[in-house]
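One letter stands for each residue in the lines below.
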Amino acid sequence: MWIWLRLELQRLLPRMLGLLAFGGIFMAAAATARLFAASDGHVEFDRLMGIGGYPLVSALLLSGWLVGRFPLVAALVLAAGVFSGDRESGFARLIAARARAPLLLFALRAALALLLAAALSALVLPAFDMLMLGRLPGPQLFALVTGYVLVFGALTVLLSTLTRGDAWIALFAGIAAVVWHALLRAGALRGGAPGPRGLLTALLPPQGALAQLETAFAADEAVPGFALLYCATYAALALVIAGVVAARREL
Amino acid sequence: MIRLERVSRRFGRRPGIEAVRDVSLAVRAGEVCGIAGPNGAGKSTLLALALGFLRPTRGDVRILDERPRDFLRREAVGYVPERVQLPTRWRVGDLLRALAAARGRADVDDRAGRVLAAMGLEESVERRIGELSRGLQQRVAIAQALLDQPRVLVLDEPTEGLDPVWRLRLRAALAERRAAGAAVLLASHDLGELERSADRVVLLERGAIRSEVVPHTPGGPGRYRVRVRAGGEHLESAFGDVRAIGAHEFEVAVGDAADLSARLAAWLELGGVVDSVQPLGLEELVRPAFEGDA
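Predicted model, so just to flag it, every value in this text is computed and none were measured. (Residues numbered from 1 in each chain as written. Chains lettered and ligands numbered in written order. Predicted model: local features only at pLDDT ≥ 70, side-chain atom pairs only at ≥ 80, totals over all residues.)

Teacher, can you tell me more about helix H2 (residues 45–67) of chain A here?
Working note: α-helix, 3.6 residues per turn, so residues spaced by three or four point in the same direction. Its 23 residues place the ends of H2 of chain A only 18 Å apart at the C-alpha level, less than the 33 Å of an ideal helix rising 1.5 Å per residue. The largest bend along H2 of chain A measures about 125° and falls at Gly-52 of chain A, with the proline Pro-55 of chain A one to four residues further on. (Helix = DSSP H or I, 4+ residues; strand = E, 2+ residues; numbered from the N terminus. Expected span 1.5 Å × (residues − 1). Bend = angle between axes of the 7 residues up to and from the residue.)

Pasting the structure below:
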């Protein structure tokens, strides 16, 4: 199986380089801010305000928010087409005709994509924090990365067994989950039928749990174990369904 | 070895398109069964059904009495698809080693090396697949199909893009597998290739089997075209089964070479003068099946 791992790494290398370049944009922004507005080993926002006013401060805050989505982006980019790509090219049929356990190869590729997404995120996010805040983040960051990668990686893998355009659909589901979660929290859906409301909440990415992980990271609080477990359960269910679909579906 | 029983496959919602209709077919061990037919006849769909990549809407498919996917889990099948985009960034040697390793056996390098040599790919082993010509890519696709000396080979237009030399080599490889007892299902537009490789050819039209023909084997039974200078009216009494295909051309059926000689001798006795005698090619054999469609 080593050769499959090596070839899969080779296949994903351009995507990984693209992700690193994407992360590099934020590093460059953080490094520039550090260069011009450093104080006591971190970026001082008052000094930034003095240099560029609200637009500069807002831009850097937005950068911070965006780089926080890096695990999501990495999971989508690396898991995209993990099954649907081979099915579209016809390579899935060659594998099915030859491999003793095609599902194992598929699982191996999916696991590698998720692992790499987590590894890249664990590289980019602490580097950004180090530049901006002058210190390494706590374990909350790794819980946040794990949550995002598991949820969106597994969702992309599942969608890949069902259709093409898997990563785009997963991204759309992610945005829908943010909106849905906001509506739920605002109490705007109290009038709706509880059954369909609960079903949609369960099907969409667990934005509530992800939000808890983000809050814990931002406030430097203890990792909310239940939220992480919820994300892991959502991912595990998605991967099990993906396995069943991949084993049964036509090629 | 491969058995399809009253298999149909429909695509899309009703009425949809019935790509394969009520096809029954059995391919024995040591037999090459050709599948011919016009574009859209259902050849590729039939092969995908035979290997379980598609499920039949009706009917049953078995390979050695197992469901195709169950068989594939147990034993590798040699499969060359009509259209496949091999991973373009992978090197030829890596692709073959990876596919050899997918069977979970240890002798990966030996098996990959053997098919690399058999398909003349030794010099391309370090080249990326995307850099190869169409013909070389096809040879890679054939090489992977031969990796495990499979008992079942399913080939969809395998000669596409191959030059005459490699068509000959493929034919030799198929003959070798057939001699080893493999069952081969071979779909092709190339009737000449089917004629040389297949023991029998199933003609598919609009998803259904139109007819089945046995290509001529030298000295074996078959149909011949006899061009005469005189005595055409006596052919029937000498040969029995005669069909006029022109003013001086006839199609006759014989049992074997000795039968042909004896009947020709009898006809010459009756005053016949022969111009030429030729076995009918596959193209001529399948033409009657499609006559009347034009």
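What exactly am I supposed to notice about the sheet that holds strand E10 (residues 222–230) of chain B here?
Within a sheet, adjacent strands bond to each other through the backbone by hydrogen bonds, running parallel or antiparallel. Residues and elements named next belong to chain B. If you walk across this open sheet you meet the four strands as E11-E12-E10-E13, and the pairing is antiparallel. Each end of this open sheet is capped by a strand with a single partner; those strands are strand E11 (242–244) and strand E13 (273–279). Taken over all neighbouring pairs, the strand axes of this sheet differ in orientation by 25° on average, direction set aside. As judged from the six bridges shared by E10 and E13, these two strands associate in the antiparallel manner. Pairing of Arg-227 across the sheet is with Ser-276, part of E13. (Pairing = 2+ DSSP bridges. Axes fitted to C-alpha atoms, helices over the stretch in contact; angles between N-to-C directions.)

In this structure, what is going on with the packing of helix H1 (residues 2–37) of chain A against H2 of chain A? I would like to understand it.
The description of two helices packed together rests on the angle between their axes and the distance between the axes. Residue and element names in this part refer to chain A. In the contact formed by H1 and H2, the axes pass within 11 Å of each other and the chain directions differ by 150°. On the basis of their axis angle, the class for H1 and H2 is roughly antiparallel. Crossing geometry of H1 relative to H2 is assigned as left-handed. Contact residues: Phe-26, Ala-29, Ala-33, Phe-36 and Ala-37 in H1; Arg-47, Leu-48, Ile-51, Leu-60, Ser-63, Leu-66 and Val-67 in H2. Its residues assigned to classes, the contact of H1 with H2 comprises 10 nonpolar, one polar and one charged. (Parallel < 35°, antiparallel > 145°, perpendicular 65-115°, else oblique. Left-handed = near helix turned anticlockwise from the far one by under 90°. Contact = placed C-beta atoms within 7 Å. Nonpolar A, V, L, I, M, F, W, Y, C, P; charged D, E, K, R; others polar.)

Where do I start with the packing of helix H10 (residues 207–218) of chain A against helix H11 (residues 225–248) of chain A in this structure?
All names here are of chain A. Contact geometry for H10 and H11: axes closest at 9 Å, N-to-C directions at 140°. One way to sum up the angle between H10 and H11 is to call them oblique. Considering the relative orientation of H10 and H11, their crossing is left-handed. Counted together, Ala-209, Leu-210, Gln-212 and Leu-213 of H10 and Ala-227, Leu-228, Tyr-230 and Cys-231 of H11 form the full contact between these two elements.

What's the story with helix H7 (residues 139–162) of chain A in this structure? I'm lost.
Here H7 of chain A contains 24 residues, and its C-alpha end-to-end distance of 35 Å stays within 8% of the 34 Å for a straight helix at 1.5 Å per residue. Of all 24 residues in H7 of chain A, 21 are buried, a share of seventy percent or more. (Buried ≥ 20, exposed ≤ 12 C-beta atoms within 10 Å, placed from the backbone.)

Teacher, can you tell me more about the pairing of strand E3 (residues 32–36) of chain B here?
It is a general feature of regular strands that their side chains alternate between the two faces of the sheet. Residues and elements named next belong to chain B. Taken across its five residues, E3 has five buried, putting it largely inside the fold. When E3 meets strand E7 (residues 183–187), the two strands line up parallel, connected through four bridges. Bridge pairing links Val-32 to Val-184 in E7. Bridge count between E3 and strand E8 (residues 200–205): four bridges; the pairing is parallel. For Gly-34, the partnering residue across the bridge sits in E8 and is Val-201.

Would you mind going over the interface of chain A and chain B with me for this structure?
When the parts come together, some accessible area is lost, and that loss is often what is quoted as the size of the interface. Taken together, the contacts link 20 residues of chain A with 26 residues of chain B. Listing elements by their share of the side of chain A that touches chain B, those giving two or more residues are H1 and helix H5 (91–98) of chain A. The biggest single contributor to the side of chain A that touches chain B is H5 of chain A, with seven residues. Here the side of chain A that touches chain B is composed, by residue class, of 12 nonpolar, three polar and five charged.

Explanation requested: the environment of Ala-266 of chain B in the structure shown.
By the secondary structure assignment, Ala-266 of chain B is in helix H9 (residues 257–269). Separated by 31 residues in sequence, Ala-266 of chain B and Leu-235 of chain B have C-alpha atoms that sit 9.2 Å apart.

Looking at this structure, how should I read the environment of Leu-20 of chain A?
All names here are of chain A. Here Leu-20 shows up in helix H1. When the 14 C-beta atoms within 10 Å are taken as the criterion, Leu-20 is described as partly exposed. In the structure, Leu-20 is positioned 117 residues away from Pro-137 in sequence and 19 Å away in space, judged by C-alpha atoms.

Quick question: what am I supposed to make of the confidence of the model for chain A here?
Reading predicted coordinates in detail is not appropriate for stretches of low pLDDT. Per-chain confidence: chain A averages 90 in pLDDT, with 100% of residues scoring 70 or above. Within chain A, the lowest mean pLDDT, 79, falls on strand E1 (residues 38–39) of chain A, and the highest, 96, falls on helix H3 (residues 70–79) of chain A. (pLDDT = per-residue confidence, 0-100.)

Would you take a moment to explain the sheet that holds E7 of chain B for this structure?
Residue and element names in this part refer to chain B. In spatial order, the strands read E5-E6-E7-E3-E8-E9; together these six strands make up an open sheet with mixed pairing. Since the sheet does not close on itself, it has two edges, and those belong to strand E5 (78–80) and strand E9 (208–213), each with one partner. Sheet twist, expressed as the mean angle between neighbouring strand axes with direction ignored, is 15°. Together, E3, strand E6 (152–156), E7 and E8 form the strand contacts of helix H1 (residues 43–50), whose direction differs from that of E7 by roughly 155°.

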